[in-house]
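Chain residues, written in single-letter form:
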Amino acid sequence: MTSKRLLVSLALLLALPAAMAEPPTANGERLQVRWELQDGGKGGRLEVRNLDHHPLPAQGWALYFNCIECAVAGPLAGQLAIDALDGTLYRLRPQPGFRGLAPGQSLNAVYRAPSADAKAYRAPSGLYLVYEAAPDKAQAVADYRMLPLPRPDQLGTGQAVTAQDLYQRNAGTDVLPAGALPPVFPTPLHLQQGAGTLHLAAAPALVVADGLAPETALAASLLKQYWPAGAGAPSGATLRLSVGAVAGQSSPEAYTLAVTSDGIAITGNSAAGVAHGLQSLRDLLPLPGAGRQQAVELPLLAVTDAPRFGYRGLMLDVSRNFQPRQTVFRLLDLMARFKLNAFHFHLTDDEGWRLEIAGLPELTGIGAVRGHSAKPGVRLQPDYGSGPSASDPHGSGYYSRADYIEILRYAAARHIEVIPEIEMPGHARAAVKAMEARYRRMKAAGQAGAGKYLLNDLDDRSQYKSAQNFHDNVINPGLESSYAFIEHVVGQVAAMHREAGVPLRTLHVGGDELAAGAWEKSPASRSLMTRHKMQATADLWDYFYDRVDAIVRRQGVATAGWEELGTRKLIPNPHFAQRGFRLHVWNNVGAAADLGYRLANAGYDVILAPATRQYLDMSHNLNPDEPGVNWAAYIELDDVYNFIPLDKSLSDAGRQRIRGLEAALWTETIRDPALIDYLLVPRLLAMAERAWAADPAWATESDSARTSALHRAEWSRFVNALGQRVLPRLDLEPAPLGPVHYRIAPPGLSRDGGMVHANHALPGLALRYTSDGTEPHAASPLVAGPIADRGLIQVAAFDRNGRRGAVSRIDNP
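This is a predicted model, so every value here is computed, not measured.

## Some remarks on the overall build of the protein
Tallying secondary structure elements over the protein gives 19 helices and 33 strands in all. Taking 28 Å as the expected radius of gyration for a compact globule of 813 residues, we find that the protein reaches 30 Å, a close match to that expectation. Expressed as a percentage of the 813 residues in the protein, the buried residues total 55%. The long-range share in the protein, meaning contacts at least 24 apart out of those at least 6 apart in sequence, stands at 73%. Carbon together with sulfur atoms contributes 54% to the accessible area of the protein, which is approximately 32,700 Å² in total. Between the mean site of the 79 positive side-chain charges and the mean site of the 81 negative ones, the protein shows a separation of 3 Å.

Written as C-alpha cells, this is what we have:
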C-alpha cells in the first residue's frame, strides 16, 4: 500500500511542472471585440476587451478574421502584428514585448488599409481565437460588432452622396398619373389600346389546350388572388390559353394577348410564350386585395410581343456564400415574373464546391465545407465571414443530386434554362484541395487509383497569387488525371439533367482570372509543352480548352465560358473563334471597355454581362451604409437602365452574335438572404427591360436636345411604372416569392426659402417625415408638399407594407 501511495505522489509531482507551465487562459468566447472605421476608410481599429476571469497571455495566440482587402500586413503599434493569409483570411497576433491582456483590460489594434474605402465590406467578420498549444481548437468570438459608420450628412463634400445630391438626381424625373403609365412590363413589342373594358365580377373560365399544365397552374394561382377558391361560379368570360403561330414572330417566346368583351386569349409560339403572356396579364390586373373576392375591370387591348434577345439571364454565385435551394426557387420565380429565361448557376469556385458528384464524395465532404483546421485536407479555410465552425450555413453546404434535379425541374416549369458553371482551370481551389486529400488518403491506405483524379502537380513550384489571394487554386493541364476528373464531372452533371428530364444544353466551363505565373514551374506542364513543341505556357491554355471542349461535346453539350476563354491579353484569340463557344463578357473596365464587341466581331457568340452596369453585387453609391462592393463601379438604377447593348463598332455579323444580357450576383458580402432582394431589385428590372425591349427612342435619336427630352420622358415612364405598379405588386405578393424586400432608396431633400422639398427616385412610394428628433415610422406624417417645420427634418420612403427605406436628413433652421 505504501509503495502505491509513493508512486501516486511521484506522478503528481512530475505532472506539477506541466500544470504550472499552462495556467488558465482567456476563452475567445468571452472576448468582446469592436471594430471602428478609421480616417475615412484609410484604416481600421480593432478593440479587444478581455471579459474572462483569466488573462490573454503575452504570446501563443492568434485572433483570426476575414475581410476583403482591409489591412496592410505587418507590425502594428502595441507590439502586435497582422498577417495576410490566403483568400480573405487574416490574423492578429502578439509580437515580442506584448504583455498580455489581464481580465477587464483591452487592446487596440490600429491598422492601415491598402486603399481608402469607407464601405462596410471592409470590416472584419467571422472572428475566432486559436492558441498555439491547441491549434485545432477554435474559439468563436460571440460578442463582436461594428461601430456605426458615418452617415452621409456627417461626411464632407465629395465623401458621400447627400440628400441634396439625390434631390438633384431625382429632379430628372416627372411624376406621372396612373393613366400615363405603360400597362405591361417589360415594354412589349406592340400594344394596341381598345375602347372600353372587360368587366369580370367572377373568375373567367379557363379553357386550356393540351400540353400546358404549368401554364394552367400559373393561371389558376393568378386568378386565385382575385377570386379565391369556392368564391362562386365562373363568369361568362373565358381565359383561353393555346399554342399557335404568332404572326410575324419567329421567337419561340413570342405571344399574343387579346382582351375583348368576351374574355381573354393568350396564344404563344410555344408554352414559354403562353407563360410570358400570363405575366403580362398579371400587369393588367389591379393590385390584389387581401384574399377577398374582387370585381375586375380590364382594358380592352391587343398585345403582340417577343423578346429582343434570346438570352436574358441572371448569374448566381453560391460558392463564396452558399444559398439554400429555397432561395434558388424564389429567385427562379422572380426571374419568371419578369420574363428572364437563363439561370447561370455558379456552382464551384475557390471557396466552395456546391454540387454532389457521384463517385467523388470528397468534393462535398471537403470542398463544400469551410471552417478552422490545423490539419491540411480536412476542410477549406474560413472565408467571407464564415468563421471557425464547419456548420456555418453559408460557408458550408451543397446541393444533393436530388436537390439539383428538383431545381432543374422547377426552372424548366418556368421556361428557364439552367446553365451550370464548373470553374476551371483557375478559381478551382475547392476541387484541387478535395482531390489532393483524396489522393493522400488513398495513397496512405495503399489503395490503387489514388492519382486518378488528382488536379495539381505535387512537384509544381510555380509562384502566383490569384485575384482572390490564393496561390494553390489552379488545375494543371499537364496531368491526364485533370481530364479524367473533368470528364467524370461533366458526365455526372449531364446525367443529372437527363434524370430530371431537362437535357443539358450548355455547360459554362469558367476560364476567368488565371493568375500570372501559374504552371511555369510545373514539371508536368513543362513535359507537356516539350512533347507538343509549345513555345510558352500561354499555349497550354489552348491545349487545355481543346481537351475540355472535346469532353463537353461528347455529351452533346455546347461550351460556354468567361471572356478570358477566348482572349489573350484582351485580344480575341482566333483559335476558338469558329467553335461556337459562347463567351460571357464581364470585363468592360478601362482598355476592355469594348471587348465584348471585339469578340463578337471576331466570331464569338457573346453574352454581355458588363461589370460596371450589370454586376449587381456592386454598391449603389459610395455612402458607407450602402451594402455591396465597389471594385468595378457604383451602380444606380439609371446606370443599368442607360446601358444600350449594341455598340456602333459592331459589324453586321457581330450584331447578330450578341446573344443577350446577363446580370450577375456574386455573394462575397451576402450572408443575409434579405440582401439578395436589396441588391437585385429594382436594378434587375432595368436589365430585364433592356434584354426584352427594343432600344428606346432616345438611344437612336441624333439630335442632342431631342435625345434629352426623349430620355426624360421614357425614364419617367419606367420609374413611375416601377414605383406605382410593379414594386407595389411585389409588396403584396404571397409567399414563396413575396413580399420582396427590394431597395427603397433614401429620398432627395432640398431647402429653399425656409421650406424643405422632398422627392424620390421611384414616384409612388409614400414619403413620411419627422422634425422632433425621432426617425420616421409608418405612422409619421405624409409628405404632401413642402415641409415648413423647423429643426432636423428626417424623411424616408415606405412600401405598401410599411417597410421603411434609408432615412435622409437636412437641417431647416
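Alright, that's what it looks like, and here's the rest.
## Overview of the pattern of salt bridges
Using the criterion set out here, one finds 43 salt bridges in the structure. As a salt-bridge pair, arginine 308 and aspartate 695 come within 2.7 Å of each other at their nearest N and O atoms. Within this pair, whereas arginine 308 is found in the loop between strand S16 (296-305) and strand S17 (311-317), its partner aspartate 695 is found in the loop between helix H17 (683-692) and helix H18 (697-700), the two being separated by 387 residues in sequence. A relative accessible area of 27% means that arginine 308 is categorised as partly exposed. Of the residues examined, aspartate 695 reaches a relative accessible area of 25% and is grouped as partly exposed. Residue arginine 320 is joined to aspartate 349 by a salt bridge in which the shortest nitrogen-to-oxygen separation is 3.6 Å. Here arginine 320, found in the loop between S17 and helix H5 (325-337), pairs with aspartate 349, found in strand S19 (residues 348-349); they are 29 residues apart in sequence, far enough to count as distant.

## Description of the packing of aromatic side chains
Within the structure shown, the criterion is met by 25 aromatic pairs. When the centroid spacing of 5.9 Å and the interplanar angle of 80° are considered together, the rings of phenylalanine 185 and phenylalanine 338 count as edge-to-face. Of this pair, phenylalanine 185 sits in the loop between helix H2 (163-170) and strand S11 (190-200) while phenylalanine 338 is found in the loop between H5 and strand S18 (342-346), placing the two residues 153 residues apart along the sequence. A single burial state applies to phenylalanine 185 and to phenylalanine 338, both of which are buried. When the centroid spacing of 6.4 Å and the interplanar angle of 20° are considered together, the rings of phenylalanine 345 and tyrosine 404 count as stacked. With phenylalanine 345 in strand S18 and tyrosine 404 in helix H7 (residues 401-413), this pair connects stretches of sequence that are 59 residues apart. Of the two residues, phenylalanine 345 and tyrosine 404, neither departs from the other in class, the shared state being buried.

## Some words on the sheet that holds strand S9 (residues 134-140)
One open sheet accounts for 6 strands, arranged S4-S5-S6-S3-S8-S9; its pairing is antiparallel. If you trace the sheet from one side to the other, it starts and ends with strand S4 (74-76) and S9, each paired once. The mean inter-strand angle of the sheet, taken between neighbouring strand axes irrespective of direction, is 25°. Two elements, S4 and strand S5 (residues 80-84), share 3 bridges in a ladder whose sense is antiparallel.

## Considerations on unusual backbone geometry
Each neighbour pair has its own omega, and for methionine 424 with proline 425 the value is -15°, a cis peptide bond. Relative to the helices and strands, proline 425 is located in the loop between strand S21 (417-421) and helix H8 (429-444). Valine 681 connects to proline 682 through a cis peptide bond whose omega is 15°. The phi dihedral of glutamate 69 is positive, around 50°, even though this residue is not glycine. With respect to the helices and strands, the residue glutamate 69 is situated in the loop between strand S3 (61-66) and S4. Unlike most non-glycine residues, lysine 339 shows phi in positive territory, near 65°. Mapping lysine 339 onto the fold places it in the loop between H5 and S18. Residue classification places lysine 339 among the buried positions, given a relative accessible area of 0%.

## Regarding the confidence of the model for the protein
Counting all residues, the mean pLDDT for the protein is 95, and 96% of those residues have values of 70 or more. In this model residues 6-20 is a low-confidence stretch, pLDDT under 50, and it forms 0 contacts with partners more than four residues away in sequence or in other chains.

## A few points about helix H3 (residues 213-224)
Spanning 12 residues, H3 covers 16 Å between terminal C-alpha atoms, matching the ideal 16 Å at 1.5 Å per step. Within H3 the residues assigned to the buried category are Glu215, Ala219, Leu222 and Leu223. In a view along the axis of H3, the buried residues occupy a sector of 95°, so they form one face of it. Summarising the geometry of H3, the exposed residues directed more than 90 degrees from the buried face are Ala213 and Lys224. Looking at the buried residues of H3, the elements they touch are strand S12 (205-208), strand S13 (238-243), helix H4 (271-284) and H7.

About the cut-offs
Residues numbered from 1 in each chain as written. Predicted model: local features only at pLDDT ≥ 70, side-chain atom pairs only at ≥ 80, totals over all residues. Heavy atoms only, no water. Helix = DSSP H or I, 4+ residues; strand = E, 2+ residues; numbered from the N terminus. Rg over C-alpha atoms; globule rule 2.2 N^0.38 Å. Buried < 20%, exposed > 50% of the residue type's maximum accessible area, 1.4 Å probe, protein only. Contact = heavy atoms within 4.5 Å. Areas by Shrake-Rupley, 256 points an atom, 1.4 Å probe, with all protein chains shown as cover. Lys, Arg positive; Asp, Glu negative; His and termini not counted. Charge placed at Lys NZ, Arg CZ, Asp CG, Glu CD. Salt bridge = Lys/Arg side-chain N within 4 Å of Asp/Glu carboxyl O. Phe/Tyr/Trp six-rings, centres within 6.5 Å; stacked < 30°, edge-to-face > 60°. Pairing = 2+ DSSP bridges. Axes fitted to C-alpha atoms, helices over the stretch in contact; angles between N-to-C directions. pLDDT = per-residue confidence, 0-100. Expected span 1.5 Å × (residues − 1). Arc of directions from axis to C-beta.

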